[in-house]
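For reference, the chains in residue letters:
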Number of protein chains: 2
Amino acid sequence: MKHITIKEVAEALNCSISTVSRAFNNKSEIHPDTRERVLQVAAKMGYHPNPIARKLTQQRSYNVGVVVPEFLNPFFPEVIMGIQDVLLEKGYQVLIMQSNENDETEQKNLKTLEDNFVDGIILSLTQESKNINYLQHLINKNYPLVLFNRTNESLTVSKVLFDDYKWALFATEHLIQQGLKELVHIAGKSHLTLSKKRKQGFIDAHRKHKLPVDSSKIIETGFLVEDGIRTVMELIDNDTLPEGFFCVNDATAMGAIKALKKNGYKVPQDIAIMGFTDTPVSSMIEPPLSSVVQPSRQMGEVAAELLLRQIESKSIVIPETVVLSGSLKVRESSVKL
Amino acid sequence: MKHITIKEVAEALNCSISTVSRAFNNKSEIHPDTRERVLQVAAKMGYHPNPIARKLTQQRSYNVGVVVPEFLNPFFPEVIMGIQDVLLEKGYQVLIMQSNENDETEQKNLKTLEDNFVDGIILSLTQESKNINYLQHLINKNYPLVLFNRTNESLTVSKVLFDDYKWALFATEHLIQQGLKELVHIAGKSHLTLSKKRKQGFIDAHRKHKLPVDSSKIIETGFLVEDGIRTVMELIDNDTLPEGFFCVNDATAMGAIKALKKNGYKVPQDIAIMGFTDTPVSSMIEPPLSSVVQPSRQMGEVAAELLLRQIESKSIVIPETVVLSGSLKVRESSVKL
DNA sequence: CTGTTAGCGCCTTCAC
DNA sequence: GTGAAGGCGCTAACAG
């Protein structure tokens, strides 16, 4: 596992290492012929500039950190694919870390990345998101940072968001248009902007259609299948099931469906369900789940581009928020016949 | 974004940089008191050893590459979580790359990792897996390498496998025990050892129960939902549907169910289905999918440990194959009432 | 136990 | 257009 160094190449060519270096860095101060010759010999010897040494001199790691709350839900892997598409292309490496919806792990991940001198970080908050202060400290240091999807409004950084409010409103309206009046929103933790927006969309759809709505119709829970199950179970126990659910994501929606079916309720005949994010399995479950389609991959691409802009700019970059739009995918779970 | 260096800490302490270095490297040749003092001042100054410089001197990157064919299917993310558990603990960083089931991308990924001097690579092959020669070249160079799940028998390297043969046999037997005689195996690409083993398990279960079996009962396809759909559609078109399917993984099983239901067949009443891997959604679909439970996370942990052994050993490590076992999770899709 | 010195592999002035 | 030399931040002998 010995690696060839610039020195060996220089010796083989009987020239100085600077010449070899110049050839590899596309510098103008080198004769095209020698450049050619160097590259040829180097290739034959199997030489690559050692990226670590390069990073040392350039004081740049060419590494970018990505921190997501989890990646069992396919949403995050898809975003990461978008991020990689852009960053690998530009010669960056992507270090992926997952926080397991845990604040401590999140902070440890961020610290690890910082310690490793990553050139920037792309982050989606855990649902607890108690690390606002730590993030503020990164921002104050002018550390390149982009948040996506799960953010917090108190932070002034570049963000890539989905138009949660609008599509939550549309999704709720869709349920209302099915003739349903008694709806419940299975909501996410309210520290997250995303949860607030989706909740507000749910409320405003009611207002728009002159339907009553109050906090009893909004149940805050987590993002997992189990959270959906638990929420519905409690409603069943209290005998307070609504006519339809608008769920903060597909996982809770799937949990809701599972709990309802288990207790003999029919979806959508008895109770209609609307999810959010449209993960690939949405179409596989029974009944196929209606959901809001989110452009996951694009979200990653945009986040990567915003980060690159910060990394590669000499001056301070003004934070920018990009809001992406989606569409409604109506399948069976929300359609009253 | 300026970083504090060892020199500055040394100056602040009015000592030499070696002393600071020693304090941070837990060397014995340092007075406990000075060690303490150094660490304290360093912490106050916010100093961390620059990992890049450290890597340069140690001629080690402390980076490990993980290459998977895809990570939309939750199996791979789970394995990666296991890998990270072990490696992050040991101070390694994990670079994750995905090949999108594409050989060219796979080779590019491997090259990128090699160029970046990762200390070792953990890999699961794409289904085409035409990069055997390239891998052999890595092995010849004695590059630390571990294959998991999707391997190829011609390579002599450390591997972490699942006992595919045994569990395929058990899974098939389970179907046979439901009174089914006409079974079809939706198989994976046969370059992969995994595909061959599962296929052989399917065949031998027939032999064991004195049931006829021939190649017409084995249909080679991919690993995706679409592959399952396509396969079943063709059987429907040819009017050659069996009584049950044993599928190479959950995705194809889900595809099969989808296609069957769409065409008015009832699962398991008309046709029983058995999957493989037991992804979290298996229990969510209708009917809940019977599957073979694979210890995904553990697979990652073991792979990481095998790799560490290679990386941290001075001498050549004899390749080792670890075979993990699983269990059968019988849900509704395979049970004849 | 501590300080000095020589690299690790590369890039980048600065002479020539 | 090319070579020599210094330095990036750190570790690892080698002295003392």
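As annotated in an unreviewed UniProt entry, chain A is Transcriptional regulator, LacI family from Mariniphaga anaerophila.

Caption draft 1: Representation of the overall build of chain A. When its secondary structure is counted, chain A shows 12 helices and 12 strands. For 337 residues, the compact-globule estimate of 2.2 N^0.38 gives 20 Å, and the C-alpha radius of gyration of chain A, at 25 Å, exceeds that figure by more than 25%. By its C-alpha atoms, chain A is 85 × 40 × 30 Å across when sized along the principal axes. Across chain A, every contact between residues at least 6 apart in sequence was considered, and the portion connecting residues at least 24 apart equals 73%. Here chain A has roughly 14,600 Å² of accessible surface; of this, 50% comes from carbon and sulfur atoms. Computing the positive centroid from 39 side-chain charges and the negative centroid from 40, chain A places the two 4 Å apart.

Caption draft 2: Focus on the relation of the copies chain A and chain B. Superposing chain A onto chain B takes a rotation of 180° plus a shift of 0.1 Å along the axis, which leaves an RMSD of 0.3 Å. The relationship between the two copies is best expressed as a two-fold rotation axis. Taking C-alpha positions as the reference, the residue of chain A nearest the rotation axis is Ile285 of chain A, at 2.1 Å.

Caption draft 3: Examining the environment of Glu78 of chain B more closely. With respect to the helices and strands, Glu78 of chain B occurs in helix H5 (residues 75-89). With residues near it in sequence (within four places) discarded, Glu78 of chain B still touches Leu72 of chain A together with Pro280, Ser296 and Arg297 of chain B.

Caption draft 4: Inspection of the domain arrangement of chain A at higher detail. Residue and element names in this part refer to chain A. You can read the domains of chain A as domain 1 (6-57), domain 2 (62-161 + 296-325) and domain 3 (164-294). Each of domain 2 and domain 3 was reduced to a C-alpha centroid, and the two centroids are 28 Å apart. Facing the 18 residues of domain 2 at the interface are 16 residues of domain 3. Buried area between domain 2 and domain 3, summed over both chains or domains, comes out near 1,400 Å², and the portion from carbon and sulfur atoms is 48%. Along the contact surface separating domain 2 from domain 3 lie 1 salt bridge. Linking Lys196 and Glu153 is a salt bridge whose minimum nitrogen-to-oxygen distance equals 2.5 Å. If you list the elements that add at least two residues to the side of domain 2 that touches domain 3, you get helix H5 (75-89) and helix H12 (296-312). Tallied by class, residues from the side of domain 2 that touches domain 3 come to 4 nonpolar, 9 polar and 5 charged.

Caption draft 5: Quick peek at the pairing of strand E2 (residues 93-98) of chain A. Residue and element names in this part refer to chain A. By the criterion of burial, E2 is predominantly enclosed, with 6 of the 6 residues buried. Burial along E2 is two-sided: the face carrying Gln93, Leu95 and Met97 and the face carrying Val94, Ile96 and Gln98 are both buried. Note that strand E1 (residues 63-68) and E2 share 6 bridges and pair parallel. Its bridge partner being in E2, Val66 is matched across the sheet by Ile96. Where the polypeptide runs from E1 across H5 and back to E2, its parallel neighbour, the crossover connection is right-handed.

Caption draft 6: The nonpolar core, seen in detail. Counting residues in hydrophobic clusters, the biggest one holds 97 residues, and the most contacted among them are Leu87, Phe148 and Val160 of chain A together with Leu87, Phe148 and Val160 of chain B. Aside from chain neighbours lying at most four places away, what touches Leu87 of chain A is Val64, Tyr92, Val94, Ala304 and Leu308 of chain A.

Caption draft 7: Region of the structure containing the protein's contact with DNA strand C. Around DNA strand C sit 27 residues, and of these Ile6 of chain A together with Ser18, Thr19, Arg22 and Gln59 of chain B come closest. Of all DNA strand C atoms lying within 4 Å of any protein atom, the proportion belonging to sugar or phosphate reaches 62%. In the environment of DNA strand C, a base nitrogen lies 2.6 Å from a nitrogen or oxygen atom belonging to the side chain of Arg22 of chain B. Here a phosphate oxygen of DNA strand C sits 2.8 Å away from a polar atom, N or O, in the main chain of His31 of chain B. With 4 residues, the single largest contributor to the surface near DNA strand C is helix H4 (residues 51-58) of chain A. Its residues assigned to classes, the surface near DNA strand C comprises 9 nonpolar, 14 polar and 4 charged.

Caption draft 8: Structural detail: unusual backbone geometry. Residues and elements named next belong to chain A. The step from Glu286 to Pro287 runs through a cis peptide bond, and the omega angle for that step is -5°. With respect to the helices and strands, Pro287 occurs in the loop between strand E9 (272-274) and strand E10 (291-293). Residue Asn142 is not a glycine yet carries a positive backbone phi of 65°. Looking at Asn142, the relative accessible area reads 40%, which means it is partly exposed.

Caption draft 9: Representation of the sheet that holds strand E7 (residues 218-220) of chain A. Residues and elements named next belong to chain A. Pairing within the open sheet is parallel, and its 4 strands lie in the order E7-E6-E8-E9. Looking along the sheet, the strands with just one partner apiece sit at the ends: E7 and E9. Taken over all neighbouring pairs, the strand axes of this sheet differ in orientation by 20° on average, direction set aside.

Caption draft 10: Examining the pattern of salt bridges more closely. Counted under the stated rule, the structure contains 29 salt bridges over all chains. Among the salt bridges present, the one from Glu128 of chain A reaches Lys130 of chain A, with a minimum N-O distance of 3.5 Å. With a shortest N-O distance of 3.1 Å, Asp278 of chain B and Arg331 of chain B are connected by a salt bridge. Taken together, the positions of Asp278 of chain B in the loop between strand E9 (272-274) and strand E10 (291-293) and Arg331 of chain B in the segment after strand E12 (327-329) put the pair 53 residues apart, joining distant regions of the chain. A residue is classified by how much of its surface remains accessible, and Arg331 of chain B, at 18% relative accessible area, is buried. Each of Asp103, Glu128 and Lys130 of chain A takes part in a single network of salt bridges with overlapping partners.

Caption draft 11: Local environment of the protein's contact with DNA strand D. Looking at DNA strand D, there are 28 residues lining it, with Thr19, Arg22 and Gln59 of chain A together with Ile6 and Tyr47 of chain B nearest. Of everything in DNA strand D that lies within 4 Å of the protein, sugar and phosphate atoms constitute 63%. Between DNA strand D and Ser18 of chain A, the relevant distance is 3.1 Å, taken from a base nitrogen to a side-chain nitrogen or oxygen of the residue. In this structure, Arg22 of chain A approaches DNA strand D through a side-chain N or O atom, which is 2.7 Å from a base nitrogen. Counting residues per element, the ones that place at least two in the surface near DNA strand D are helix H2 (17-24) and H4 of chain A together with helix H2 (17-24) and helix H4 (51-58) of chain B.

Caption draft 12: Broad picture of the packing of aromatic side chains. By the definition in use, this model includes 16 aromatic pairs over all chains. Where Phe246 of chain A meets Phe276 of chain A, the ring centres are 6.1 Å apart and the plane angle is 55°; that geometry is what we call tilted. Here Phe246 of chain A, found in strand E8 (residues 244-247), pairs with Phe276 of chain A, found in the loop between E9 and E10; they are 30 residues apart in sequence, far enough to count as distant. With respect to class, Phe246 of chain A is no different from Phe276 of chain A; both count as buried. Relative to Phe246 of chain B, the ring of Phe202 of chain B lies with its centre 6.3 Å away and its plane at 15°, an arrangement referred to as stacked.

Caption draft 13: Representation of the packing of H4 of chain A against H4 of chain B in the model. Contact geometry for H4 of chain A and H4 of chain B: axes closest at 9 Å, N-to-C directions at 135°. It follows from the interaxial angle that H4 of chain A and H4 of chain B lie oblique. The crossing of H4 of chain A and H4 of chain B is left-handed. Note on element contacts: H4 of chain B touches H4 of chain A through Ile52, Ala53, Lys55 and Leu56 of chain B, opposite Ile52, Ala53, Lys55 and Leu56 of chain A. In the contact of H4 of chain A with H4 of chain B, the residues fall into 6 nonpolar, no polar and 2 charged.

What counts as what
- Numbering of residues starts from 1 in every chain and runs along the sequence as written.
- Each chain is given a letter, starting from A, and each ligand a number, starting from 1, according to the order in which they appear as written.
- Restriction of local features to residues with pLDDT of at least 70 applies here, the model being predicted, together with a cutoff of 80 or more for giving and counting side-chain atom pairs; totals for whole chains, interfaces and linings are based on all residues.
- Each side-chain value is worked out from all heavy atoms of the structure, with water and hydrogens disregarded.
- Numbered from the N terminus, helices here are DSSP runs of H or I no shorter than four residues, and strands are runs of E no shorter than two.
- Atoms considered for the radius of gyration are the C-alpha atoms alone. The globule rule reads 2.2 Å times the number of residues to the power 0.38.
- Residues count as neighbours in contact if any of their non-hydrogen atoms are within 4.5 Å of one another.
- For the accessible areas, the method is Shrake-Rupley and the probe is 1.4 Å, while residue cover comes only from the protein chains on display.
- The charge count includes Lys and Arg as positive and Asp and Glu as negative, but it does not include His or the ends of the chains.
- Working definition for charges: the position is that of NZ of Lys, CZ of Arg, CG of Asp or CD of Glu.
- Residues below a pLDDT of 70 in either copy are left out; the C-alpha atoms of the rest, at least 70 in both, set the least-squares superposition of the copies.
- An automatic or database domain assignment is the source of the domain bounds shown.
- The term buried area refers to how much accessible surface (probe radius 1.4 Å) is lost by two components on association, counted for both of them together.
- Definition used for salt bridges: Asp or Glu carboxyl oxygen within 4 Å of a side-chain nitrogen of Lys or Arg.
- In the scheme used here, Gly and all other residues not listed as nonpolar or charged are polar, with Ala, Val, Leu, Ile, Met, Phe, Trp, Tyr, Cys and Pro taken as nonpolar and Asp, Glu, Lys and Arg as charged.
- Partly exposed residues are those whose accessible area sits between 20% and 50% of the maximum for their type, while under 20% is buried and over 50% is exposed, using a 1.4 Å probe and protein chains only.
- At least two DSSP bridges between two strands are required for those strands to pair.
- A clockwise path from the first strand over the helix to the second, with the strands pointing away from the viewer, defines a right-handed crossover.
- For the purposes of this section, nonpolar cores are sets of buried Ala, Val, Leu, Ile, Met, Phe, Trp, Tyr and Cys residues that join through side-chain atoms within 4.5 Å.
- Each residue is tested against the molecule or strand, and it is near if at least one of its non-hydrogen atoms lies within 4 Å.
- Within 3.5 Å is the distance limit for a polar contact, defined as a pair of N or O atoms, with the added protein rule that one can donate a hydrogen and the other accept it, and that residues adjacent in sequence qualify only through two side-chain atoms.
- Angular values range over 0 to 180 degrees, each being the angle between N-to-C directions of two axes fitted as lines to C-alpha atoms, with helices fitted over their stretch in contact.
- Each aromatic pair joins two rings of Phe, Tyr and Trp (for Trp, the six-membered one) with centres within 6.5 Å, and gets the label stacked for planes under 30 degrees apart, edge-to-face for over 60, and tilted for any other angle.
- Roughly parallel means an angle under 35 degrees; roughly antiparallel, over 145; roughly perpendicular, 65 to 115; everything else is oblique.
- Helix crossings are classified by the rotation of the near helix relative to the far one: an anticlockwise turn of less than a right angle makes the crossing left-handed, while a clockwise turn makes it right-handed.

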